[in-house]
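Coordinates in review
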Amino acid sequence: MDHSEILKWLTETDGGALEELWRRADETRRRHVGDAVHLRGLVEFSNHCARQCEYCGIRAGNTRLARYRMSAGEILECARLAGRLGYGTVVLQSGEDPGTRRGWMAGVVRRIREETELAVTLSLGERSEADLRAWREAGAGRYLLRFETSNPALYRNIHPPRRGHRSDRIALLRLLRGLGYEVGSGVMIGIPGQTYNDLARDLGLFRELDLDMIGVGPFLPHPATPLGGDAETGGREREPDEHRTSNIEHRTSNSIHNPQSAICNPQYEYGTQELRKEGINPQSEIRNPQSPQSAIRNPQFAIDQVPNTELMTYKVVALARLLCPDANIPSTTALATVNRESGRELGLQRGANVVMPNLTPPKYRAGYEIYPAKACLDETPEQCHGCLLARLASIGRTVGEGPGTSPRFRNRLIQ
Ligand code: SAH
């Protein structure tokens, strides 16, 4: 499938043609990775973040968010629960948190590997080669790092580098591969300023990078970010846009106002002083006039704007499956957020073969608000688990056993 065919599918509106796309993706999924759905227990262990990503609700500039960092003991408890629930993998995810030290993280990974049968996946953002190497040696087998968009100008706009650092996620993905990790990446769909050509190139890059895991989801505007409207505008600045996902209730996080969830440890707070050291003025966010936000208000640019819809997400999941048939592809929480009723199931029936139930303890969950109104926010891990089993049974799929390594990775090892 070449660029123009990918583009054709991304812009396809005919229901019958799309049925054919879903059918082909589902058939390819069945042939290459089977009917088993692998469950990965997700632990969002820290929402501290040193970055200023324009899309993300836990960005450093969101000073109203109460920050938390789970202890090694708490993370281990979640891993044990993952084992008891029969999951094969635990995914440890966080903001890009300089307070997560190399040795501490290596110790956590080592203990999980010693005490459980679980595979460990990490998703901590852009870290040094020395960190990534140490964690690989400690027993982490997989790393998730979305490149977010393959358009370099758009990437620079929405994902500014930390002062004095380069931000080259594609180079990091290659480094991760070299270190022996199973490598996962992905993009958001419908970022303001993202065109159909950009998205088609993203899909081409999935194949070029020969990814083992591919995670995609709709971009969901967060009101405390530059791409979601900010405190002054309350998100009203944006033009109404019929393409935008409409069935999301925008609300601010409980964690902002609820003292009960102010669980941050002041010792570790990535606070105002650190922000200033990074060259960020937490009080006044200077906006880039060239930012993608302005693009979406300009109808000339907006014509080719990819919508952040559920349908577009299914198209990308299905095309990712056709382009990378042996990869593991999750039906993501962002998808379940735009369609709570059946988003997860439809993702699984249109190319996906993985689900990531949330194991983050309920008291921390609201604090990991990368976008608002996240699905499963109020559920306990056990409730999430029961709900997922019922959903899988309803579409005739089974629960995967063991670590669920991607066939792509296994084949590469044999070659
Ligand atoms: N700090 C880590 C983990 C970030 S959260 C990292 O940067 O890799 C994981 C993913 O959530 C991000 O890579 C991004 O693709 C997605 N995400 C963040 N904000 C989002 C938003 N507003 N809408 C949809 N997805 C978002």
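As a starting point, this report considers the structure included with it. (Residues numbered from 1 in each chain as written. Predicted model: local features only at pLDDT ≥ 70, side-chain atom pairs only at ≥ 80, totals over all residues. Heavy atoms only, no water.)

A closer look at the packing of helix α4 (residues 102-115) against helix α5 (residues 129-138)
Relative orientation of the contacting elements α4 and α5 amounts to 20°, with a least axis distance of 8 Å. Classified by the angle their axes make, α4 and α5 are roughly parallel. Pair α4 / α5 crosses with right-handed handedness. Contacts from R102, M105, A106, V109, R110 and R113 in α4 reach A130, D131, A134, W135 and A138 in α5. A class-by-class count of the residues in the contact of α4 with α5 yields seven nonpolar, no polar and four charged. (Axes fitted to C-alpha atoms, helices over the stretch in contact; angles between N-to-C directions. Helix = DSSP H or I, 4+ residues; strand = E, 2+ residues; numbered from the N terminus. Parallel < 35°, antiparallel > 145°, perpendicular 65-115°, else oblique. Left-handed = near helix turned anticlockwise from the far one by under 90°. Contact = heavy atoms within 4.5 Å. Nonpolar A, V, L, I, M, F, W, Y, C, P; charged D, E, K, R; others polar.)

Regarding helix α8 (residues 196-209)
Helix length check: α8 (14 residues) gives 20 Å between terminal C-alpha atoms against 20 Å at 1.5 Å per residue, within 8%. Contacts made by the buried residues of α8 are with α1 (3-10), α6 (152-158), α7 (169-178), β5 (182-189), β6 (213-218) and α13 (310-323). Immediately beyond the C-terminal end of α8, within one or two residues, lies D210, with a positive phi of roughly 55°. (Expected span 1.5 Å × (residues − 1).)

So, the site of the ligand
Lining the immediate environment of the ligand, one finds 18 residues, of which Y55, S94, E148, R169 and L220 sit closest. Within the side chain of E148, an N or O atom sits 2.5 Å from an oxygen atom of the ligand. For the ligand, a nitrogen atom lies 3.5 Å from a polar atom in the backbone of I370. Partitioned by chemical class, the residues of the shell around the ligand number 10 nonpolar, four polar and four charged. (Near = heavy atom within 4 Å. Polar contact = N/O pair within 3.5 Å; in protein donor to acceptor, adjacent residues only side chain to side chain.)

Considerations on the packing of α1 against α13
Put simply, α1 and α13 touch, their axes get as near as 10 Å, and they point 150° apart. As judged from the angle between their axes, α1 and α13 are roughly antiparallel. As α1 packs across α13, the resulting crossing turns out to be right-handed. Two secondary-structure elements touch here, α1 through I6, W9 and L10 and α13 through M312, K315, V316, L319 and L323. The class makeup of the residues in the contact of α1 with α13 is seven nonpolar, no polar and one charged.

A word on the pairing of strand β2 (residues 89-94)
Judged by how many residues are buried, β2 sits mostly within the fold: six of six residues are covered. Of the two faces of β2, the one carrying T89, V91 and Q93 and the one carrying V90, L92 and S94 are both buried. Pairing of strand β1 (residues 36-46) with β2, which is carried by six bridges, proceeds in the parallel orientation. In the strand pairing of β2, S46 is matched with S94. Since β1 and β2 lie parallel, the crossover through helix α3 (residues 72-84) that links them has a hand, and here it is right-handed. Pairing of β2 with strand β3 (residues 119-123) involves five bridges; the strand directions are parallel. (Buried < 20%, exposed > 50% of the residue type's maximum accessible area, 1.4 Å probe, protein only. Pairing = 2+ DSSP bridges. Right-handed = clockwise from strand over helix to strand, strands pointing away.)

As for the pattern of salt bridges
Two side chains carrying opposite charge are able to pair once their charged atoms lie near each other. Under the criterion given, the structure shown has 27 salt bridges. Residue R51 is joined to E96 by a salt bridge in which the shortest nitrogen-to-oxygen separation is 3.0 Å. Of this pair, R51 sits in the loop between β1 and α3 while E96 sits in the loop between β2 and α4, and the two are 45 residues apart along the sequence. Taken as a pair, R51 and E96 share a single burial class, namely buried. D198 is the partner of R201 in a salt bridge, and the nearest nitrogen-oxygen pair spans 3.7 Å. Within this pair, R201 and its partner D198 are both found in helix α8, separated by three residues, close to a single helical turn. Taken together, the salt bridges that share partners define one network made up of R51, E96, E126, E148 and R169. (Salt bridge = Lys/Arg side-chain N within 4 Å of Asp/Glu carboxyl O.)

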